[in-house]
Amino acid sequence: MSPCRGRRRGLRWISEVPQVRSFLPEGCPRVEAVSITLEELEAVRLVDLLDLDQEEAAFYMGISRKAFWNDLMNARRKIAAALVYGMGLRIEGGSFALRGEEASTTAESQEHHKEMALMEREIALLGSRLEHLSSRVASLKGEEMTDSGPASKPRSILKEADQ
């Protein structure tokens, strides 16, 4: 009998391997770290950062919705534990294939278009977030100006608000 039972875990497609793969809490003497796999990180990125629904994200990674759901829940559980208990977070290992390494010319061009569309979506989301934060800062600066009136504020604060 073989030591492993069940099916072998299938490869998941990921877009990139992050350069920074370790996060440690500031000022914490603990050196314990929770480890998440690269495909779990990709699942969190697709759903929580890019706002894809789970079916789209599972298709993008080349796995079933159930397998995607398991990866996503494992990643969220591990990230939450690291944040709540003040532990480090380490991104490593897994069963994945890097997107763009093995593809024929037609499949490669289709994949290239899909990846570009996904990156454009990510840029649009980051742009809208930046606009929201900029308008929030502008409204807060406006509230400061109307609350106490320009005459009561020091000149340095008024110069900062005008810029």
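Just above, that's the structure.
Here goes a summary of the coordinates provided.

Reading the values: the criteria
Throughout this document, residue positions are counted from 1 along each chain, in the order its sequence is written. In keeping with the predicted nature of the model, local features appear solely for residues at pLDDT of at least 70, side-chain atom pairs appear and are counted solely at 80 or more, and the whole-chain, interface and lining totals rest on all residues. Values reported for side chains reflect all heavy atoms of the structure, with hydrogen atoms and water molecules removed beforehand. Between any two strands, pairing holds if DSSP finds at least two bridges. The way it works is that DSSP assigns letters per residue, a run of H or I at least four long becomes a helix, a run of E at least two long becomes a strand, and they are numbered from the N terminus. It only takes one pair of heavy atoms within 4.5 Å for two residues to be counted as in contact. Here, axes are lines fitted to C-alpha atoms. For helices the fit covers the stretch in contact, and angles between N-to-C directions go from 0 to 180 degrees. Any angle from 65 to 115 degrees is called roughly perpendicular, while one under 35 is roughly parallel, one over 145 is roughly antiparallel, and all others are oblique. Note: crossing handedness is left-handed where the near helix turns anticlockwise from the far helix by less than a right angle, and right-handed where it turns clockwise. Residues are sorted three ways: Asp, Glu, Lys and Arg are charged, Ala, Val, Leu, Ile, Met, Phe, Trp, Tyr, Cys and Pro are nonpolar, and all the rest, Gly among them, are polar. Burial classes: relative accessible area under 20% of the type maximum marks a residue as buried, over 50% as exposed, and values in between as partly exposed (1.4 Å probe, protein chains only).

Turning next to the sheet that holds strand 3 (residues 33-36). As summarised here, the arrangement of the 3 strands in space is 2-4-3, forming an open sheet in which the pairing is mixed. In this open sheet, the two strands that pair with only one neighbour each are strand 2 (22-23) and strand 3. Alignment of strand 2 against strand 4 (residues 88-91), held across 2 bridges, turns out to be antiparallel. Its bridge partner lying in strand 4, Phe23 is registered against Leu89. Across the sheet, helix 3 (residues 65-85) touches strand 3 and strand 4, and the angle it forms with strand 3 is around 165 degrees.

Running from N to C, helix 1 (residues 38-49) and helix 2 (residues 54-61) point in directions that differ by 140 degrees, and their axes come no closer than 10 Å. Relative to helix 2, the element helix 1 lies oblique. In the crossing of helix 1 with helix 2, the sense of the turn from one axis to the other is right-handed. On helix 2, the residues touching Glu39, Glu42, Ala43, Leu46 and Val47 of helix 1 are Gln54, Ala57, Tyr60 and Met61. In the contact of helix 1 with helix 2, the residues fall into 6 nonpolar, 1 polar and 2 charged.

Now for the pairing of strand 3. Every second residue of strand 3 is oriented toward a common face, the buried set being Val34 and Ile36 and the non-buried set Ala33 and Ser35. Both strand 3 and strand 4 contribute to a ladder of 4 bridges, which runs parallel. The residue of strand 4 that forms the bridge with Ala33 is Gly88.

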